[in-house]
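Breakdown of the fold
Take a look at the letters that make up each chain.
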Amino acid sequence: MKNYFRFNELGTNYRREILGGLTTFLSMAYILVVNPVMLTLQSIEDYPDELRMDYGAVFAATALSAAIGSILMGLIARYPISLAPGMGLNAFFAFTVVLGFGIPWQTALTGVLISGIIFVLLSLSGIREKIINAIPVELKYAVGAGIGLFITFVGFQNAGIITNDDSVLVGLGDLTSGNTLLAVFGIVVTVILMTRGVKSGVFIGMVITAIAGMIFGQVPVPDKIIGAVPSIAPTFGVAFDAFGNPGDLFTGQMLIVILTFLFVAFFDTAGTLVAVAQQAGLMKDNVLPRVGKGLLADSLSIVSGAILGTSTTTSYVESTSGVAAGARSGFAAVVTGLLFVLSLFFFPLLSVVTSAVTAPALVIVGVLMASSLKNIDWQKFEIAVPAFFTVIMMPMTYSIATGIACGFIFYPITMSMKGRAKEVHPIMWGLGVVFLLYFIFLK
């Protein structure tokens, strides 16, 4: 096993890899709570229960998809990178596709499955790199930052910090409410932990917030810590059901949904692979070895996650915490995957966590994702306009897809008016037309 994972070549050992895998798991563990809360639309109180996904099934699907994805990455690509359902992608699934478009969650899972299959084919063929290169780097950064703002907005909304205001659309909520005060406390605690550089600060912040909530009666006290694994039957294999009714799949809205799932997964994975590989010292002459295997492992995890019943699975930048703790090989990712399997038995403990407890995680993740704004050249107006529209339209329209569409429409326009039309890749022209037609005929 040491030879397979190249321990000697990488200067690592079992102790460092196990510690690194544990650190990564603790940094990612918040997704076990956040993802079920997001996908079941817990923050939308008047949403019909019969239309919600089953909470327990989503929890099981989250844990299992994270386990499968992390183990695949560790065994196939041998990278110390772990995977789980992605933040931003789960928000797009729940709030844009299901809540905004009115597409049933069952059909939305089919969209994730199709995007995963396309991702597999593109990873095997090598076309993926060509598509990535066609999209300007500024828009890639803008998409990441925009999703960060959207996630933060959702976190504030879940906490009651931001509420509906008929006169100005949104306004400050009731800060004297127990639920809101708990969320504010959690945000402050998590910010302090992250500022101090505490490893797993997001996860520890959630634990402290949950305990405080139990003490003051805002969070129910679990009657047990370990229990039976919740059934995954309500979501398992549902992604295949829509194939029996092609009319639900071959629509303009579903095309946008599939493309958005595919697009965000594209760049989320690429950015994470490069970031973690650089920190781990795996880059050689600015080239990442076995990158094709990494992309294949990532795409296979999307397919398995969709079949299990969760939104798109992707590589997690939190893996850098494991690298900082000493992880250098894929063995650490395997350790993280096995820990996600063990987490299945702690459903009674995790299922009592409320939206006030998860809100700080959403806010902090949004802060981290918004950091990509610094990489955009704001001095060039032809770049600033599409980048800004991409970022701002996501939270303002409550739709990640709308933000992407606005940016992709304006990019060819501003570049052409600046006399830089030749720098716009034909793929960008095509995507701009597709999104324009989407607004004209489908919105």
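The sections below set out a description of the structure shown in this document. Remember, it's a predicted structure, so these values are computed and weren't measured experimentally. (Residues numbered from 1 in each chain as written. Predicted model: local features only at pLDDT ≥ 70, side-chain atom pairs only at ≥ 80, totals over all residues. Heavy atoms only, no water.)

Let us look at unusual backbone geometry. Notably, L41 is not glycine yet its phi reads approximately 55°, a positive angle. On the secondary structure map, L41 appears in the loop between α3 (31–39) and α4 (55–77). When its relative accessible area of 2% is taken as the criterion, L41 is described as buried. In this structure, L169 takes a positive phi of about 75° despite not being glycine. Relative to the assigned elements, L169 resides in strand β3 (residues 169–172). (Helix = DSSP H or I, 4+ residues; strand = E, 2+ residues; numbered from the N terminus. Buried < 20%, exposed > 50% of the residue type's maximum accessible area, 1.4 Å probe, protein only.)

Mapped onto the fold, S343 is located in helix α14 (residues 330–343). Here F340 takes part through its backbone oxygen, which lies 2.5 Å from a polar atom of the side chain of S343. Each residue touching S343, except ones within four places of it in the same chain, is listed here: F25, L32, F59 and A63. (Polar contact = N/O pair within 3.5 Å; in protein donor to acceptor, adjacent residues only side chain to side chain. Contact = heavy atoms within 4.5 Å.)

The element α3 is largely enclosed, with a buried count of nine among its nine residues. Where α3 is concerned, the buried positions are I31, L32, V33, V34, N35, P36, V37, M38 and L39.

What follows covers the pairing of β3. Relative to β3, strand β2 (residues 162–165) is paired through four bridges, and the arrangement is antiparallel. When the sheet's bridge partners are listed, D165 is paired in β3 with L169. Hairpin connection, β2 to β3: the antiparallel pair is bridged by three residues. (Pairing = 2+ DSSP bridges.)

Across soluble globular proteins, you tend to see nonpolar side chains buried next to one another. In this structure, Y30, M87, F93, F95, I404 and F408 are the most contacted members of the largest nonpolar core, which totals 116 residues. Apart from residues no more than four positions distant in its own chain, F95 is found in contact with M38, L41, S43, I44, G100, F150, V154 and Y398. Counting 11 residues, the second largest nonpolar core, distinct from the first, contains L83, L273, A280 and L282. (Core = buried A, V, L, I, M, F, W, Y, C linked by side-chain atoms within 4.5 Å.)

Looking now at the pattern of salt bridges. For the structure on display, the rule yields four salt bridges. D377 is the partner of K380 in a salt bridge, and the nearest nitrogen-oxygen pair spans 3.8 Å. For E423, the salt bridge goes to R420, with nearest N and O atoms at 2.8 Å. With a relative accessible area of 49%, E423 lands in the partly exposed category. The network of salt bridges with shared partners includes E382, R420 and E423. (Salt bridge = Lys/Arg side-chain N within 4 Å of Asp/Glu carboxyl O.)

This next bit is on the packing of α3 against helix α16 (residues 355–370). Packing of α3 against α16 brings their axes to within 10 Å, and their N-to-C directions diverge by 100°. Between α3 and α16, the crossing angle belongs to the class labelled roughly perpendicular. Here V33, V34, V37 and M38 of α3 come into contact with α16, specifically with T358, A361 and L362. Looking at side-chain class alone, the contact of α3 with α16 contains six nonpolar, one polar and no charged residues. (Axes fitted to C-alpha atoms, helices over the stretch in contact; angles between N-to-C directions. Parallel < 35°, antiparallel > 145°, perpendicular 65-115°, else oblique. Nonpolar A, V, L, I, M, F, W, Y, C, P; charged D, E, K, R; others polar.)

Glancing now at the packing of aromatic side chains. Per the counting criterion, the structure on display carries 14 aromatic pairs. Summarising the aromatic geometry, the rings of F5 and F331 are spaced 5.7 Å apart at their centres and angled 75° between planes, so their arrangement reads as edge-to-face. Of this pair, F5 sits in the segment before α1 (7–10) while F331 sits in helix α14, and the two are 326 residues apart along the sequence. By relative accessible area, F5 is classed as buried at 5%. Residue F331 is classed as buried on the basis of its relative accessible area, which comes to 12%. Here Y55 and F347 contribute two aromatic rings whose centre-to-centre distance is 6.3 Å and whose plane-to-plane angle is 45°, an arrangement assigned as tilted. One end of the pair, Y55, is in helix α4; the other, F347, is in helix α15 (residues 347–350), and 292 residues separate them in sequence. With respect to burial, Y55 and F347 carry one shared label: buried. Taken together through their ring pairs, the aromatic side chains of Y4, F5, F7, Y14 and F331 make up a single cluster. (Phe/Tyr/Trp six-rings, centres within 6.5 Å; stacked < 30°, edge-to-face > 60°.)

Turning our attention to the packing of helix α2 (residues 14–28) against α14. Interhelical geometry of α2 versus α14 gives an angle of 50° and a closest axis separation of 8 Å. Considered as vectors, α2 and α14 are oriented oblique to each other. As for how α2 packs across α14, the hand of that crossing is right-handed. The segment α2 lies against α14, with Y14, E17, I18, G20, G21, L22, T24, F25 and M28 engaging F331, A332, V335, T336, L339, F340 and S343. Taken together, the residues that form the contact of α2 with α14 break down as 10 nonpolar, five polar and one charged. (Left-handed = near helix turned anticlockwise from the far one by under 90°.)

This part covers helix α17 (residues 381–397). In this model, α17 (17 residues) spans 23 Å end to end at C-alpha, consistent with the 24 Å of a helix rising 1.5 Å per residue. Two residues or fewer after α17 comes Y398, characterised by a positive phi angle close to 60°. (Expected span 1.5 Å × (residues − 1).)

As a further point, take the environment of I404. Examined against the element boundaries, I404 turns out to sit in helix α18 (residues 400–417). For I404, a relative accessible area of 2% puts it in the buried group. Excluding its chain neighbours within four sequence positions, the residues that come into contact with I404 are V143, T260, F263, V264, T390, M394 and F435.

What follows concerns the side chain of S82. Counting through the fold element by element, S82 comes out in the loop between α4 and β1 (83–85). Those residues within four positions of S82 in sequence are excluded, and the remaining contacts are T24, M28, S70, T314, S315, Y316, S319, A333 and T336.

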